[in-house]
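Structural description and commentary
Chain by chain, the residues run as shown.
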Amino acid sequence: MVTSRWTAAPAQAASPRRRGAVLERAILDAALEQLSTVGWRGLTMEGVAAGAQTGKAAVYRRWSSKEDLVADALEAGLPLIDAAPDRGSVREDLLALCLQARDAMYSRPGFALRAVIHECDEIQAERFHGVIFKGVVEPTLKLLAQVITRGIERREVRSDAANGYVFDAIPAMMMYRSKMCASEWSDRELEDMIDQLMVPLLRPDAV
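So, here is what we can say about the structure in this document. A quick note: this is a predicted structure, and the numbers were derived from the prediction, not measured.

Within the chain, the regular secondary structure consists of 9 helices and 0 strands. Its C-alpha atoms give the chain principal-axis dimensions of roughly 70 × 30 × 30 Å. With 207 residues in all, the chain has 42% of them scored as buried. Residue pairs at least 24 apart in sequence account for 71% of intrachain contacts in the chain once pairs closer than 6 positions are excluded. About 11600 Å² of surface is accessible on the chain, with carbon and sulfur atoms providing 54% of the total.

What follows is the structure, given as structure tokens:
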């Protein structure tokens, strides 16, 4: 079960009738809340409906399965990291980017995403592959490429470092340590990864 800093809101009086985008947003938010508190296995369409203070039929009219609902909830809720840090050195840029990615993974949508990654079976995971790749992996790789390319231009990074294997190193390490080792990636752990893995990997050859 995925634990979270978020807890379900206390019961409230019935809210005014909502329609269209307002109701859909409430349902998607309720799905993220359920994922971040009870996990993928604990999420139910009935629970989402209750969290959104609507009827189960209103949920099923829009999404025929919890897989479809969760895919849309993740796509709508994942934090957007859309600018590469520019702190003056590749080390500081990579560290800042890793901190942003770590914080995004510990946001409510991040907890929801981790519930999906950790709890879904292979068939279910295929349903979310596109959402995870487009919403998390692709943007992260793009920003890493910008940081490393900028480092090459400043001559602090070796000229052949702008390749897919190097770009994959940080996401692969963070995902492996999070999923397999239950690491929560403290600031110190991220600094150590940058200093012990990425800085030596990117350092130009001695002249």
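A word on the side chain of Arg 150. Tracing the backbone through its elements, the reader meets Arg 150 in helix α7 (residues 122–153). Arg 150 gets classed as buried once you look at its relative accessible area, which sits at 18%. Only 2.7 Å separates the side chain of Arg 150 from the backbone oxygen of Pro 85, close enough to count as a polar contact. Among residues more than four places away in sequence, those in contact with Arg 150 are Ala 84, Pro 85, Asp 86 and Asp 93.

What the rule picks out here adds up to 2 aromatic pairs. Look at Trp 40 and Phe 128: their rings are 5.5 Å apart centre to centre, the planes differ by 80°, and that puts the pair in the edge-to-face class. Pair noted here: Trp 40 is in helix α1 (residues 20–42) and Phe 128 is in helix α7, with a separation of 88 residues, a long-range link. Among the residues examined, Trp 40 registers a relative accessible area of 2% and is labelled buried. Given a relative accessible area of 0%, Phe 128 falls into the buried group. The interplanar angle of 90° and the centroid separation of 5.6 Å between the aromatic rings of Tyr 106 and Phe 111 together place this pair among those described as edge-to-face. Like Phe 111, Tyr 106 is buried.

What follows concerns the layout of surface pockets. A probe matching the size of a water molecule, rolled over the atoms, marks out where space remains unfilled. Reported here for the largest pocket is a volume of approximately 870 Å³. Taken together, 40 residues line the largest pocket, and the ones lying closest to its centre are Ile 117, Ile 132, Val 136, Val 137 and Met 175. At the level of elements, α5 (90–105), α6 (108–119), α7 and α8 (164–181) are the ones that each hand at least two residues to the lining of the largest pocket. With 13 residues, the top contributor of residues to the lining of the largest pocket is α7.

Conventions used here
Residues numbered from 1 in each chain as written. Predicted model: local features only at pLDDT ≥ 70, side-chain atom pairs only at ≥ 80, totals over all residues. Heavy atoms only, no water. Helix = DSSP H or I, 4+ residues; strand = E, 2+ residues; numbered from the N terminus. Buried < 20%, exposed > 50% of the residue type's maximum accessible area, 1.4 Å probe, protein only. Contact = heavy atoms within 4.5 Å. Areas by Shrake-Rupley, 256 points an atom, 1.4 Å probe, with all protein chains shown as cover. Polar contact = N/O pair within 3.5 Å; in protein donor to acceptor, adjacent residues only side chain to side chain. Phe/Tyr/Trp six-rings, centres within 6.5 Å; stacked < 30°, edge-to-face > 60°. 1 Å grid on protein atoms, 1.4 Å probe; cavity = no way out; pocket = protein on both sides within 12 Å on 5 of 7 lines; lining within 4 Å. Points joined across faces, edges and corners; volume = space filled by probe spheres on them.

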